[in-house]
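Secondary and tertiary structure notes
Here is what each chain is made of, one letter per residue.
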Amino acid sequence: MDRLARYEAGHYPKEPMKRSCVFKWIGAVAMAMGSDNLCDWLVRLLPPLYKELSDTRRTGGEDLHNLAEEVIELVKGVCGKDVFSSAYSQVCCLAKERTVKRKAQYALEAVANPERNIKRKWRKNKLKRESKKRKTLERRHPSTSALVINKTSRNHSVVVFSNPI
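Residues numbered from 1 in each chain as written. Predicted model: local features only at pLDDT ≥ 70, side-chain atom pairs only at ≥ 80, totals over all residues. Heavy atoms only, no water.

Examining the overall build of the protein chain
Heads up, the rule is: Secondary structure follows DSSP: runs of H or I at least 4 residues long count as helices, runs of E at least 2 residues long count as strands, and numbering of each begins at the N terminus. Each accessible area is a Shrake-Rupley result for a 1.4 Å probe, and residues are judged covered by the shown protein chains and nothing else.
The secondary structure content of the protein chain amounts to six helices and two strands. Written out in order from the N terminus, the α and β elements of the protein chain read α-α-α-α-α-α-β-β. Entry remark: accessible area of the protein chain is about 12,300 Å², with carbon and sulfur atoms responsible for 55%.

See below:
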């Protein structure tokens, strides 16, 4: 379930349907397991909730954030505040360790292979420029329902508007 929530958060951040199902499932499992068995599984169940609560952009929406808070309170009520706080702090530490490790790996790759790093930065900036173009075109033409950007060559892109029917 954690994998499902991570996949949706990464690939479809504005569609919170699967994540809300995962949060509801976590709440149901917490109620069904009870405090004795739940304590062993807290570290495995809390990461999707932690990720949603620590996300400052709230791309999933206010409803998803509120649901995550409600499930956290439910789990906290079932297993107890002390056990919950120790498990939640462990999840926080694991997440921070992963981000630090990822940043260190990225910095090491940048030093070891500078050409690849330059290409990665070019690609990232190109995607950023295309995203800005797409957003400005969407603001100018709000009546068009679908906007497709085809990449034809390295430096040029063709914009095709579909018919809003």
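Focus: the nonpolar core
Rules: We define a nonpolar core as any set of buried Ala, Val, Leu, Ile, Met, Phe, Trp, Tyr and Cys residues linked to one another through side-chain atoms lying within 4.5 Å. Partly exposed residues are those whose accessible area sits between 20% and 50% of the maximum for their type, while under 20% is buried and over 50% is exposed, using a 1.4 Å probe and protein chains only. Two residues form a contact once any of their heavy atoms are found within 4.5 Å.
Counting residues in each nonpolar core, the largest one holds 24 residues, and the members touching the most others are Phe23, Leu46, Leu49 and Val75. Contributing elements (two or more residues each) for this core: helix H2 (17–45), helix H3 (47–54), helix H4 (62–79) and helix H5 (81–112). Among the elements that line this core, the one with the most residues is H2, at eight residues. Ignoring anything within four residues of it in the chain, the contact list for Phe23 reads Pro48, Leu49, Glu52, Leu64, Leu67, Ala68 and Val71.

Section: helix H6 (residues 114–140)
Heads up, the condition is: Take the number of residues in a helix, subtract one, and multiply by 1.5 Å to get its expected span.
Under the 1.5 Å per step criterion, the end-to-end length of H6 is 39 Å for 27 residues, consistent within 8% with the ideal 39 Å. For H6, the complete set of buried residues consists of Asn117, Glu130 and Leu137.

Some remarks on the packing of H2 against H4
Cut-off, in case you're wondering: For helices, the fitted axis covers only the stretch in contact; all axes are lines through C-alpha atoms, and the angles between them, taken along N-to-C directions, range from 0 to 180 degrees. Angles are sorted into four bins: roughly parallel if under 35 degrees, roughly antiparallel if over 145, roughly perpendicular if 65 to 115, and oblique for all others. Put simply, a crossing is left-handed when the front helix is turned counterclockwise from the back one by less than a right angle, and right-handed when it is turned clockwise. Three categories are distinguished: nonpolar for Ala, Val, Leu, Ile, Met, Phe, Trp, Tyr, Cys and Pro, charged for Asp, Glu, Lys and Arg, and polar for the others, with Gly belonging to the last.
Two elements in contact, H2 and H4, have axes separated by 9 Å at closest approach and are oriented at 10°. Looking at the two axes, H2 sits roughly parallel to H4. Remark: the crossing between H2 and H4 carries right-handed chirality. Taken together, the residues of the contact of H2 with H4 break down into 15 nonpolar, four polar and two charged.

A closer look at the layout of surface pockets
It is a probe the size of a water molecule, rolled over the atoms, that shows where empty space is left. Just so we agree on the cut-off: Note on definitions: the grid is 1 Å and covers protein atoms alone; a cavity is a set of points where a 1.4 Å probe fits but cannot get out; a pocket is an open set with protein on both sides within 12 Å along at least five of seven lines; lining residues have an atom within 4 Å of a point. Grid points are joined across faces, edges and corners, and a volume is the space filled by probe spheres set on the points.
Size it by volume and the largest pocket reaches roughly 680 Å³. Along the wall of the largest pocket there are 22 residues; nearest its centre are Asp2, Arg6, Pro47, Pro48 and Arg98. Those elements that place two or more of their residues in the lining of the largest pocket are helix H1 (2–11), H2, H3 and H5. Ranked by residues supplied to the lining of the largest pocket, first place goes to H5 with seven residues.

Scope: geometric values only; no functional claims are made or implied.
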